[in-house]
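So the chains spell out like this:
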Amino acid sequence: MKNEVVRVVTPLPLTEEQKEIIKKHLSRLSPQEDFTLQEEVDPSILGGVIIAWGETLIDCSVKTQLQKIKERMLKEMLKEAS
Amino acid sequence: MINVDWSIVFQIINFIVLVLLLVRFLFKPAVQALESRSKHIEEQISAAEAQKKAAEELRIKLEEEEQKIQEKYLEMIEEANKEAAKVKEDIINEAYQEGEKIKKEYEKRAQKEIEKLFSQLREEIVEIVETVVVKILNTQITPEVQTQLIDRLLEEAVSQIEEQMEVSYEK
């Protein structure tokens with residue numbers, strides 16, 4: 001089984017339960033790989049998680065979700081105005 | 001025999017001679033002078049009539065000229081009025097068009113300003129909402145909530161990646 005080091009960014013330090021959840025989801029994508037989590041705490045992402053390994057990036061941060069909502073709100077407002 | 005009073009005869013003869021002399025030296029020149037005078041007056045009258053006629057013709061001619069000048073003057077006045085009316089209309093039209101152009105330009109500018117203000121307002125509203133949401137989230141995201149977030153968001157993201165992978169395999 002190949003070992004893959006995964007960079008995991010969260011706003012709070014990861015609990016064991018959270019680590020298991022992350023590994024569970026990652027194994028769905030690459031069942032043959034074993035994942036080692038390299039933790040990084042960044043309160044600015046507010047919530048959720050950012051996972052990066054190799055060329056893959058999964059941005060599930062609340063900050064990015066908020067950014068998307070913000071962009072959608074602005075687009076909708078602009079559409080309504082025109 | 002008739003007794004003749006010679007003094008009377010002489011008086012008669014003298015009278016006749018006097019009359020003849022008067023006729024010869026007084027009446028004839030007088031008549032001639034009168035005739036001459038009369039002729040001169042007639043000539044003067046004729047000349048005066050001719051002058052009067054010429055003056056009348058000249059007066060008529062001058063009146064005609066005056067009439068023509070008056071007509072020409074009225075024509076010119078009318079033409080000038082028409083030209084002035086046209087110039088006035090042109091100026092009014094030009095001013096109106098210029099006014100409309102300025103009005104449209106200002107309306108366009110005002111519309112742009114309003115749109116800009118609304119755009120700024122929208123951005124400000126969204127920024128405020130974002131700030132409020134961030135503040136709320138900072139206090140609301142507990143480790144339990146974070147666990148749920150990680151699970152739910154990763155579930156969605158991984159499902160999407162799996163769907164994309166399936167689509168690319170099918171292709």
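The structure under discussion appears in the preceding block.
Quick caveat: nothing in here was measured; it's all calculated off a predicted structure.

Reading the values: rules and limits
- Residues numbered from 1 in each chain as written.
- Chains lettered and ligands numbered in written order.
- Predicted model: local features only at pLDDT ≥ 70, side-chain atom pairs only at ≥ 80, totals over all residues.
- Heavy atoms only, no water.
- Helix = DSSP H or I, 4+ residues; strand = E, 2+ residues; numbered from the N terminus.
- Expected span 1.5 Å × (residues − 1).
- Buried < 20%, exposed > 50% of the residue type's maximum accessible area, 1.4 Å probe, protein only.
- Contact = heavy atoms within 4.5 Å.
- Pairing = 2+ DSSP bridges.
- Arc of directions from axis to C-beta.
- Phe/Tyr/Trp six-rings, centres within 6.5 Å; stacked < 30°, edge-to-face > 60°.
- Lys NZ or Arg CZ within 6 Å of the ring centre and 35° of its normal.
- Patch = residues over 30% accessible without salt bridge, like charges linked within 9 Å, V, L, I, M, F, W, Y side chains within 5 Å.
- Areas by Shrake-Rupley, 256 points an atom, 1.4 Å probe, with all protein chains shown as cover.
- Salt bridge = Lys/Arg side-chain N within 4 Å of Asp/Glu carboxyl O.

Novice: What's the story with helix 2 (residues 143-170) of chain B in this structure? I'm lost.
Specialist: The α-helix advances 3.6 residues per turn, and as a result positions three or four apart in sequence lie on the same side. In this model helix 2 of chain B runs 40 Å from its N-terminal to its C-terminal C-alpha over 28 residues, within 8% of the 40 Å that 1.5 Å per residue would give. What helix 2 of chain B keeps buried is the set Gln 146, Thr 147, Ile 150, Leu 153, Leu 154, Ala 157 and Val 158 of chain B. At its buried positions, helix 2 of chain B is contacted by strand 1 (2-10), helix 1 (16-29), strand 3 (48-53), strand 4 (56-61) and helix 2 (62-81) of chain A.

Novice: What is the right way to read the pairing of strand 4 of chain A from this model?
Specialist: Successive side chains on a regular strand alternate, one facing one side of the sheet and the next facing the other. All names here are of chain A. Taken together, the six bridges between strand 3 and strand 4 define a ladder with antiparallel strand orientation. If you follow Ile 50 over to strand 4, its bridge partner there is Asp 59. Between strand 3 and strand 4, which pair antiparallel and follow one another directly, the connecting turn spans two residues, one of which, Gly 54, has a positive phi of 55 degrees.

Novice: Just to check I follow, could you spell out helix 1 of chain A for this structure?
Specialist: Helix length check: helix 1 of chain A (14 residues) gives 21 Å between terminal C-alpha atoms against 20 Å at 1.5 Å per residue, within 8%. Here helix 1 of chain A has its buried residues at Gln 18, Lys 19, Ile 21, Ile 22, His 25, Leu 26 and Leu 29 of chain A. Down the axis of helix 1 of chain A, the sector holding all buried residues measures 160 degrees, keeping them to one side. Exposed and oriented more than 90 degrees from the buried face of helix 1 of chain A are Glu 16 and Glu 17 of chain A. Residues of helix 1 of chain A that are buried in the fold lie against strand 1, strand 2 (33-41), strand 3 and strand 4 of chain A together with helix 2 of chain B.

Novice: Got a minute to help me understand the packing of aromatic side chains in this structure?
Specialist: Under the counting rule described, the total for this entry stands at one aromatic pair over all chains. Measuring from centroid to centroid gives 5.9 Å for Phe 35 of chain A and Trp 53 of chain A, while their planes differ by 75 degrees, and the two rings are edge-to-face. Within this pair, whereas Phe 35 of chain A is found in strand 2, its partner Trp 53 of chain A is found in strand 3, the two being separated by 18 residues in sequence. Classification of Phe 35 of chain A as buried rests on a relative accessible area of 4%. Taking NZ or CZ as reference, Arg 24 of chain B lies 5.1 Å from the ring centre of Phe 25 of chain B, over its face. Between Arg 109 of chain B and the ring centre of Tyr 106 of chain B, over which it is positioned, the NZ or CZ distance is 5.2 Å.

Novice: Explain a nonpolar patch on the surface here, please?
Specialist: A cluster of nonpolar side chains, namely Ile 8, Ile 12, Phe 15, Ile 16, Leu 18, Leu 20, Leu 22, Val 23, Leu 26, Phe 27 and Val 31 of chain B, defines an oily patch on the protein surface of about 990 Å² accessible area. Note that Leu 22 of chain B resides in helix 1 (residues 6-140).

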